[in-house]
There are 2 protein chains.
Amino acid sequence: MDAAANLPREPRTERGRRTQRTILDAAAAEFGDKGFHESSIVSITQRAGVALGSFYTYFESKEALFKALVLDMSEQVRQLALPIVAEARDPVETELSVLTRFLEFAREHSEIYRIIDEAEFVAPEAWRAHYYGGASRIFARLKAAKDRGEITGEVDEIHAWAIIGMNVFLGLRYGVLERDRSPEEVAAIANQLLQRGLR
Amino acid sequence: MDAAANLPREPRTERGRRTQRTILDAAAAEFGDKGFHESSIVSITQRAGVALGSFYTYFESKEALFKALVLDMSEQVRQLALPIVAEARDPVETELSVLTRFLEFAREHSEIYRIIDEAEFVAPEAWRAHYYGGASRIFARLKAAKDRGEITGEVDEIHAWAIIGMNVFLGLRYGVLERDRSPEEVAAIANQLLQRGLR
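All chains use their own residue numbering, which begins from 1 and follows the written sequence. Ligands are numbered from 1 and chains lettered from A, in the order in which they are written. Reporting in this predicted model follows two pLDDT cut-offs: at least 70 for local features of residues, and 80 or more for side-chain atom pairs to be given and counted; totals over whole chains, interfaces and linings ignore these cut-offs and use all residues. As a convention, hydrogens and water are excluded, and side-chain values are obtained from all of the structure's heavy atoms.

So, the UniProt feature "domain: HTH tetR-type" (unreviewed entry) in chain A
- UniProt positions are given in the numbering used here, feature names are shortened, and annotations may be inferred rather than shown by experiment. Feature annotation in UniProt places "domain: HTH tetR-type" (unreviewed entry) on residues 17–77 of chain A, given in this structure's numbering.
- Put simply, DSSP marks the helices as runs of H or I at least four residues long and the strands as runs of E at least two long, and each gets a number from the N terminus on. Helix makes up 87% of residues 17–77 of chain A and strand 0%, with an end-to-end C-alpha separation of 20 Å.

What follows is the structure in structure tokens.
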């Protein structure tokens, strides 16, 4: 499959970029509410307040829009960690801050779970890339900390997959399904496992 | 919603129990291959080698069968840990053994991921119960270890959700998507986080 064929067409103007952003935000709300199959391009353009012709300037189909939205959400999650990682603190503190920020994001954008989970069936390549990308960024952070001497034991991709799994499930439970504990509290208590394990 | 209305009808004979098991196993293969929407009762009864009438003796619809299958898979996962927990070892060792066993199970039954993930959309109550059940069992193990004095720090439901997330994602990555590392190796390396954290 040619991945580039499904990428959104790059807007040439600032106004075009804003329109594309408006469509992606409307798509997140529509797919999050109704799921992929019940969502329609007409309804998305109505939510976005843009003409149907404008839609096809940027996206070639509902499938292409859905894939573009998953890529966009992956990018939003990636961006969350950037200012935290730039501060280059201790690796355990870095993971604490990244998780806190992610839990806040999951509360604000709880539709991301339904969309990413549905991507397993509707856009499996984008779904896979979402998690492989997340795990590889965590692994890169751990390796950098190891190189700086801040982690003495081995670091392995397996640790990164364990951490992404923790984060995803904590966001699901405490950001989406129930919101009975604050992001700060959830992250602080979960981070004890990275500080000292269970003992 | 009346959950009992969708439970499979309890077979009254040993032969009936075997038929119901055969249908559930055929359903796991069918739903795992084709997904819920493309699967059919006729095709499942053909896979199982049972008459269509037999199917309706035990399940009232495709939806009811799917829910019953999710409950059955939750129960299979629950059973995996029972002999390990019965040995009442150190909590970190217990989690190591449970994860190893789960990773072996995920390799042998990789259809479970597609089915549980699709349950979010097709049988959301059973999906939710699957994870809440798993997390509550981990939390119960941690509390029991704390009561025995084997964990000195606090134990919290948040730790349990972190651990179930680790386990689910390690099973996805190393049991289903790629099988480049053995269950023993994955579990041993991931378990370092519970032994001593990242430091």
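As for the interface of chain B and chain A
- Taken together, the 49 residues of chain B in the interface contact 49 residues of chain A.
- Of the roughly 4500 Å² buried where chain B meets chain A, counting both sides, 66% is carbon and sulfur surface.
- Note on definitions: buried area is the accessible-area loss of two parts on being combined, 1.4 Å probe, summed for both. It is Phe169, Leu198 and Arg199 of chain B in chain B that bury the most area against chain A; as a group they hold 18% of the surface buried on that side.
- Each salt bridge in this description consists of a side-chain nitrogen of Lys or Arg and a carboxyl oxygen of Asp or Glu lying within 4 Å of one another. Counting across the chain B and chain A interface gives 4 salt bridges.
- Put simply, arginine 173 of chain A and glutamate 157 of chain B hold a salt bridge, and the shortest N to O gap is 3.4 Å. Whether two residues are in contact is decided by their heavy atoms: any pair within 4.5 Å suffices.

Quick notes on the nonpolar core
- Residues grouped as a nonpolar core are buried Ala, Val, Leu, Ile, Met, Phe, Trp, Tyr and Cys residues, joined through side-chain atoms within 4.5 Å. Three exposure classes are used, based on accessible area relative to the maximum for each residue type with a 1.4 Å probe and protein chains only: buried under 20%, partly exposed in between, and exposed over 50%. Counting 128 residues, the largest nonpolar core has Leu170 of chain A together with Leu170 of chain B as its most contacted members.
- Excluding residues that lie within four positions of it along the chain, leucine 170 of chain A makes contacts with Leu99, Leu103, Gly175, Val186 and Ala190 of chain A together with Ile158, Trp161 and Ala162 of chain B.

With respect to the UniProt feature "DNA-binding region" (unreviewed entry) in chain A
- Under the UniProt annotation, the feature "DNA-binding region" (unreviewed entry) is placed at residues 40–59 of chain A.
- As annotated, residues 40–59 of chain A has a helix share of 75% and a strand share of 0%, and its two end C-alpha atoms lie 13 Å apart.

Regarding the packing of helix H1 (residues 14–38) of chain A against helix H4 (residues 62–86) of chain A
Residues and elements named next belong to chain A.
- Two elements in contact, H1 and H4, have axes whose closest approach is 10 Å; the angle formed by their N-to-C orientations is 105°. The angle between H1 and H4 falls in the class roughly perpendicular. Every residue of H4 that contacts H1 at Arg21, Ile23, Leu24, Ala27, Ala28, Phe31, Phe36 and His37 is listed here: Lys62, Glu63, Leu65, Phe66, Ala68, Leu69, Asp72, Met73 and Gln76. Under this scheme, a helix contributes an axis fitted over its contacting stretch, all axes are lines through C-alpha atoms, and angles between N-to-C directions fall in the 0 to 180 degree range. For classification purposes, angles smaller than 35 degrees are called roughly parallel, those larger than 145 roughly antiparallel, those between 65 and 115 roughly perpendicular, and all remaining angles oblique.

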